[in-house]
Amino acid sequence: MPSHNVSLTRGEAESRAALISDCHYRLQLDLALGRDRYGYRVELEFSGQPGATTFLDAQVDQVAGITWQGEELSRDAWRGQRIHLPALAERNRVEVWGTSSYHRTGLGIHLAVDPADSEAYIYTDLEPADAHRVFPCFDQPDIKGVFEISVRVPQDWTVVSGEPGRAGKASDDEGARWWEFSPTRRLSPYVLGIAAGRLHAIRSQHGQIPLGLFAPLSLGQDLEKAAEEIFEVTGQGLDFYQERFGVPYPFRKYDQVFCLEKVNGAMESPGCVTITDRMIYRGRPSARESSQRAEVILHEMAHMWFGDLVTFRWWDDLWLNESFATFMSAVAADRATRFDDSWTFWATYFKQLAVEEDQHSTSHPVVTEVPDSEAVHLNFDRITYQKGAAVIRQLATWVGEEAFFAAIHDHLEAHSEGNATLRDLIGALERVSGRDVQGWSRAWLETTGLNTIRLEVEEGRGPEGPVVQLAALVQTATSDQPTIRPHRLGVGEFRWRDRKLVLEQRHEAELEGDRAEIPGLRGRLRPPLLLPNDESVTYAKVRLDPVSLRTVEASLARIADPLARAVIWDLLWDMVRDAELPTGRYVGIVVANLPDETDQSLVPVALGQARQAIANFGAPALGDELEASLADAAAQALERTEPGGLDQLTWLRALVVSATTPAQLARVESMLQGDGLPPGAVLDLEMRWRLVTALAARGVLEEKDVARMQRADSTATGQVRALAARAAIPSAEAKEAVFRHMTEEDSANVEEAIWVGRSFAGVRRPDLLLPFVPRFFAAVDRLRRTRGSEYSRDFAYWFMPALPPEPLLVSEVRHQLEREDLAADLRRVYQDALEEAERALVARAADELAYSGG
């Protein structure tokens, strides 16, 4: 039975922080006890307020012994997942030791076994507030400490941590040895990082900073292929951040460890960044995949300064930590690396994630009260990451970029190795910029929702054609999210030049209220396209005037600026979701324009959104016809690509995933046999899995075919991809087997839930999915009892989108929401799913009406 986490309240944390200072940990972890348990021993010295009492957080399985000031302390002091300490002296020493279990959720200390060779690998991920699940400590961000770490492992293992480490020469009787690491700088417990196993290692140097890359042995060859690019991005990022922040890199080395079953993507442990092994691609990566990996690397690197060197005081400023790193990763990728698609991806898929979540009734302000450390789990969401980052970008635009980075420099210098709050950063921004950042913060950070910005244009007659008599940005808000926000943005004026729509002039505007005129457009010949927020610098929904919308529908691909195209692709998708643009018409725009799209990050986004529109928002009778038209468009674009080029890879993947007709599927099946691939394309593992999964989803391949592919790829990734392919098979038996695995077998993990959630829906077969709707909710309840809150919440979050947006789902979710015993995290997941299903049903009804000619 999983133990319930005793959550540290904000009041308890503030009281404890007032008592404690100058912490020094000596932490020993014994990882050589087998694959079920590990041992820990922690000796903590700290200064305290004499006579006061406090406690250590300790959510471990067993405490074997405790000493206080050198004397034995009764183990009864450990109760309620806390070790209650006697009255403090001016200087105090406590030592605790015991054993605990490895975790399977990706949090705490996680052990994964690689099925390719049965090797075990271990990594830590202690955010948020999960250090005390590994060893007893003061687990809050504003009680920093120095950590001296020692790790015992089998003699052929490598251990990586934040500081340089030394392996002991001698092995003990059990064939294990200790690794010793230098003391750290003052750090919050949650940022500590440790990874261990028989790791493949590659080392390099950037200036005075040692660099290292590590991965499981089975990924060694793939890591070697990727190393040059990863080291290049790492060096470029270190140079960029040191120059932009005006603060040298604060740690002694920069290692990156690619970990199996790393479900949270990456963790910014200083000097020991852990990253999902999915970032080591097993085939040729697309342009977007390479740039995405660069952005992940740069995101975690930004935390070295903003998060690790200077850390938030309490979890209500977690958003600032993540939002800033997300924003900076795009800035750094754009300016310091060869990747040029960060802002186009930002303007489409990335920002849309926030827009969708921000329209739910469960949305919350970017800055929200976090009453205890457990509540922060609810805020690891798209508001924290995507909306927060978009808001930071608008803030940098609003105060001016130079003022923004000057304030960041001052903030880092003032709070180095300490803690800070949003108010501290606002103060620095106000001092440098002279603007009312506090007022800006109230409008942007303390409210929910987003605005819609339109450009209203009044025309008159001129000697050469229609002229603009009046142009004004108009900002609106919904009745339940009524805030009008200050925006600084541009309006792009696009005109025809050499058969391209080219930006002729950008009209900058400050939209402080609900309306702002654009005087620079008055009297000008009416352009075919006027695009508000053409650089995507503010966070808002955008709508076009009728003339511009007609231009876009006919000529989107002929707009020269890829960022402007990205803004338009995004607003069109948003119109589909809001039932303002029928799915059939939207897919027509995609088919007419996407084959000429030259930005490779926009192709998979637009194609994926078109397929989602067909599945959820479109008239079912048109589904196959519309999807086949996407495949035809992909085939048309594929024919024009250069053999072996990245654009060929992008369009080949597009054809594979959207193939629908017998002829299209026969072509895809021939690719799997190796004789149907276009010249220059490679049938690597990644391509084979994409082919197998797509053909399985269409019923062309069966379980035996997936099993054959799984035998050819026995890696951890191969096992997960096989499960996802089985989930896609359009048969009740296949889906039943996968569902039972995910809900009844203890070996099921969050990474599997992510992949299964993406493929279980298959291709528009609600008849196969509806029987799982009532069973899903019963399964989540059972998982909550047997697997705990983390796995049950993650399974629910990732699997629910696979359930069809049908009236049965709406009815079942409403029934669940009536339960008084429904946990808060599940209530939010269910409420969001309900609103998405209701949105889909409204859009589908509008599409069916348009299809019928009504």
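Parameters at a glance
Residues numbered from 1 in each chain as written. Predicted model: local features only at pLDDT ≥ 70, side-chain atom pairs only at ≥ 80, totals over all residues. Heavy atoms only, no water. Helix = DSSP H or I, 4+ residues; strand = E, 2+ residues; numbered from the N terminus. Rg over C-alpha atoms; globule rule 2.2 N^0.38 Å. Buried < 20%, exposed > 50% of the residue type's maximum accessible area, 1.4 Å probe, protein only. Contact = heavy atoms within 4.5 Å. Areas by Shrake-Rupley, 256 points an atom, 1.4 Å probe, with all protein chains shown as cover. Lys, Arg positive; Asp, Glu negative; His and termini not counted. Charge placed at Lys NZ, Arg CZ, Asp CG, Glu CD. Pairing = 2+ DSSP bridges. Axes fitted to C-alpha atoms, helices over the stretch in contact; angles between N-to-C directions. Parallel < 35°, antiparallel > 145°, perpendicular 65-115°, else oblique. Nonpolar A, V, L, I, M, F, W, Y, C, P; charged D, E, K, R; others polar. Phe/Tyr/Trp six-rings, centres within 6.5 Å; stacked < 30°, edge-to-face > 60°. Salt bridge = Lys/Arg side-chain N within 4 Å of Asp/Glu carboxyl O.

Visitor: Can you tell me about the overall build of the protein chain, naming the residues and giving the values?
Guide: Looking only at helices and strands, the protein chain has 26 helices and 29 strands in total. Rg of the C-alpha trace for the protein chain: 28 Å, near the compact-globule value of 29 Å for 854 residues, within the 12% margin. Reported as C-alpha extents along the three principal axes, the dimensions of the protein chain are approximately 95 × 65 × 60 Å. A buried classification covers 62% of the 854 residues belonging to the protein chain. Contacts spanning at least 24 positions in sequence make up 72% of the contacts within the protein chain whose residues lie at least 6 apart. Carbon and sulfur atoms provide 49% of the accessible area of the protein chain, an area that totals close to 31,400 Å². Positive and negative side-chain charges of the protein chain, numbering 92 and 129 respectively, have mean locations separated by a distance of 2 Å.

Visitor: Lay out the pairing of strand E24 (residues 465–476) with the relevant residues and their values.
Guide: Where strand E23 (residues 452–462) meets E24, 11 bridges bridge the pair, whose relative direction is antiparallel. Within E24, the residue paired with glycine 460 across the bridge is valine 467. Between E23 and the antiparallel strand that follows it, E24, lie two residues. Summarising the sheet, E24 and strand E27 (residues 515–517) pair through three bridges and their orientation is antiparallel. Bridge assignment links alanine 472 to a residue of E27, and that residue is glutamate 517.

Visitor: Go over the sheet that holds strand E25 (residues 487–497) with me, naming the residues and quoting the values.
Guide: Taking strand neighbours across the sheet as the criterion, the three strands line up as E26-E25-E28 in an open arrangement whose pairing is antiparallel. Only two strands of the sheet have a single neighbouring strand rather than two, namely strand E26 (500–511) and strand E28 (529–532). Averaged over all adjacent pairs, the angle separating strand axes in this sheet is 20 degrees, with direction ignored. As paired elements, E25 and E26 share 11 bridges and run antiparallel to each other. Residue glutamate 493 lies in a different strand from E26, and its bridge partner there is glutamine 505. Seen against the sheet, helix H11 (residues 562–577) touches E25 and E28 and runs at an angle of roughly 80 degrees to E28.

Visitor: Outline the packing of helix H6 (residues 383–399) against helix H7 (residues 401–414), listing residues and values.
Guide: At a minimum axis distance of 6 Å, the contact between H6 and H7 shows a crossing angle of 110 degrees. Put simply, H6 runs roughly perpendicular to H7. Mapping the contact onto sequence places Ile392, Leu395, Ala396 and Val399 in H6 and Glu401, Ala403 and Phe404 in H7. Residues belonging to the contact of H6 with H7 are distributed by class as follows: six nonpolar, no polar and one charged.

Visitor: Go over the packing of aromatic side chains, please, and point to the residues and values.
Guide: Under the criterion given, the structure shown has 42 aromatic pairs. Look at phenylalanine 760 and phenylalanine 799: their rings are 4.8 Å apart centre to centre, the planes differ by 55 degrees, and that puts the pair in the tilted class. Linking phenylalanine 760 in the loop between helix H21 (750–759) and helix H22 (766–769) with phenylalanine 799 in helix H24 (residues 789–799), this pair joins segments that are 39 residues apart in sequence. Residue classification places phenylalanine 799 among the buried residues on the basis of a relative accessible area of 1%. Relative to phenylalanine 799, the ring of phenylalanine 776 lies with its centre 5.8 Å away and its plane at 15 degrees, an arrangement referred to as stacked.

Visitor: How would you sum up the pairing of strand E10 (residues 120–125)? Please name residues and give values.
Guide: Along E10, six of the six residues are buried, which leaves the element largely enclosed by surrounding structure. Taking every second residue as pointing to the same face, both faces of E10 are buried, with Ala120, Ile122 and Thr124 on one and Tyr121, Tyr123 and Asp125 on the other. Bridging between strand E9 (residues 108–113) and E10 involves six bridges; their strand directions are antiparallel. Paired with valine 113 across the strands is alanine 120, a residue of E10. Note that E10 and strand E15 (residues 194–197) share three bridges and pair antiparallel. Directly across from tyrosine 123, in E15, lies its bridge partner alanine 195.

Visitor: Describe in detail the pattern of salt bridges, supporting the description with residues and values.
Guide: In the structure shown here, the tally under the stated rule is 82 salt bridges. The salt bridge partner of arginine 543 is aspartate 578, with a shortest N-O separation of 3.0 Å. With arginine 543 in strand E29 (residues 541–543) and aspartate 578 in the loop between H11 and helix H12 (583–593), this residue pair connects regions lying 35 residues apart in the sequence. Relative accessible area serves as the criterion here: at 23%, aspartate 578 is assigned to the partly exposed category. In this structure, glutamate 736 engages arginine 740 in a salt bridge whose closest nitrogen and oxygen atoms are separated by 4.0 Å. Highlighted residues: glutamate 736 and arginine 740, both in helix H20 (residues 732–744), separated by four residues, approximately one helical turn.

Visitor: Describe the side chain of aspartate 847, listing the residues and the values that go with them.
Guide: With respect to the helices and strands, the residue aspartate 847 is situated in helix H26 (residues 824–852). Despite its burial, aspartate 847 pairs with no opposite charge; the closest candidate is arginine 844, at 8.0 Å N-O. Not counting residues within four places of it along the chain, the set of residues in contact with aspartate 847 comprises Pro582, Thr583, Gly584, Phe617, Gly618 and Ala619.

Purely geometric stuff here, so don't read any function into it on its own.
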